[in-house]
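Spelled out, the chains give:
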Amino acid sequence: MIGKSKFCPGFNSLWLKQIKIKLDTMSDDEKYCVIIFDEMKIKSFLEYSKYLDMIEGFEDLGHRGRTNKLATQTMVFMVRGLYSNWKLPLAYFLSGSSMSSSILKDLITDLIEKCTELGFNIVALVCDQGSNNYSALKHLGCCKEKSFIEIKGKTIFTIFDVPHIFKNLRNNFLKYNFKFNGQEVSFSDIKLAYNIDKSSCTSRALLKLTDSHMNPNPFQKMNCKLALQVFSNSVAAVLKTCIATGQIKSKTPPNTPNTPNT
């Protein structure tokens, strides 16, 4: 079905019309939703479309026009129900590089206005912590002290998605020691506890942890599951046990077990 659909980049009026028909059958609670957007890298490729009578694969920002640059990224917007389990794609845009924050800011504004006109009750925007996303939200008036934006008199909260927050936390923890409430915590102590548990001849507690958790490659660093399992209660329990038995002796271990609870 996806392969047969002919949706060009930008806002498709026919698709928005179909969404409007669907919205008219929903209750007020079902119309509460969040807008999700994310950017993905795509393979650069040019292809002639007989259906559209045009060359596809160039940078295409919909109503903002096309260029002769090869598209390398796609920005996708979706809407998802807050109180009911439904989700719908809204639009996508092709860019020659990571989308600039100024363009993204305008697209977010246009999208929210169109969704409001359709009848959606938008509560929040959700995205990852990409620098262009952060900058676009900042241009819209979002900051640390004000975690929401206002468009057409409507307040919309901005949220960084939790999986990326955990991945960024783990990736930074691999490189640096953290200070929490004035105390230092270190990933090296988690590695030491893992090796102690791994070499145990009697029983193991960290059965789900592997070498990929301790030394993830670039692709494994994108895996949410590997990041979350490092900050589990099991890891904290093993660290505390190793400290109590004297198997780990350093300045940071007494503080490190508290890390999963932060």
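Right above here is the structure, for reference.
The text that follows walks through the structure, step by step, so that each part is easy to find. Everything numeric in this text was worked out from a predicted model, so none of it was measured. Chains are numbered independently. Their residues run from 1 in the order of the written sequence. Where totals are concerned, whole chains, interfaces and linings use all residues; where local detail is concerned, this predicted model gives features only for residues with pLDDT of at least 70, and gives and counts side-chain atom pairs only at 80 or more. Only hydrogens and water are set aside when side-chain values are computed; all heavy atoms of the structure are taken into account.

## Structural notes on the pairing of strand E10 (residues 154-160)
A regular strand carries its side chains on alternate faces of the sheet.
Now for step 1: Relative to E10, strand E8 (residues 121-127) is paired through four bridges, and the arrangement is parallel. Bridged to Cys127 within E10 is Phe160.
Now for step 2: Here strand E9 (residues 148-151) pairs with E10 via four bridges, running antiparallel. Across the sheet, the residue bridging to Glu150 is Thr155, located in E10.
Now for step 3: Any two strands with at least two DSSP bridges between them are considered paired. A helix here means a DSSP run of H or I that spans at least four residues, while a strand means a run of E at least two residues long, and both kinds are numbered starting from the N terminus. A loop of two residues connects E9 with E10, the two strands running antiparallel in sequence, and Lys152 in this loop sits at a positive phi of about 55 degrees.

## Details of the pattern of salt bridges
Now for step 1: A carboxyl oxygen of Asp or Glu within 4 Å of a side-chain nitrogen of Lys or Arg is what we treat as a salt bridge. All told, the structure shown has six salt bridges when counted by the stated rule.
Now for step 2: With a closest N to O distance of 3.6 Å, Arg66 and Asp60 form a salt bridge.
Now for step 3: What makes Arg66 partly exposed here is its relative accessible area of 39%.
Now for step 4: Linked through salt bridges whose partners overlap, the residues forming this network are Arg64, Lys105 and Asp106. Only protein chains enter the accessibility calculation, which uses a 1.4 Å probe; a residue is then buried when its area is under 20% of its type maximum, exposed when over 50%, and partly exposed in between.

## Observations regarding the nonpolar core
Now for step 1: In these notes, a set of buried Ala, Val, Leu, Ile, Met, Phe, Trp, Tyr and Cys residues joined through side-chain atoms within 4.5 Å is what counts as a nonpolar core. Membership of the largest hydrophobic core comes to 37 residues, with the highest contact counts inside it found for Phe77, Ile112, Phe120 and Leu125.
Now for step 2: Of all the elements in the fold, those that place two or more residues in this core are helix H1 (13-23), strand E1 (32-41), strand E6 (73-81), strand E7 (87-95), helix H2 (101-118), E8, helix H3 (131-139) and E9.
Now for step 3: Counting residues per element, this core draws most heavily on H2, which supplies eight residues.
Now for step 4: Discounting residues that sit within four places of it in the chain, Leu125 has contacts with Ile35, Phe37, Ile108, Ile112, Leu137, Ile149, Ile156, Phe157, Thr158 and Ile159. The contact criterion used throughout is that any non-hydrogen atoms of two residues lie within 4.5 Å.

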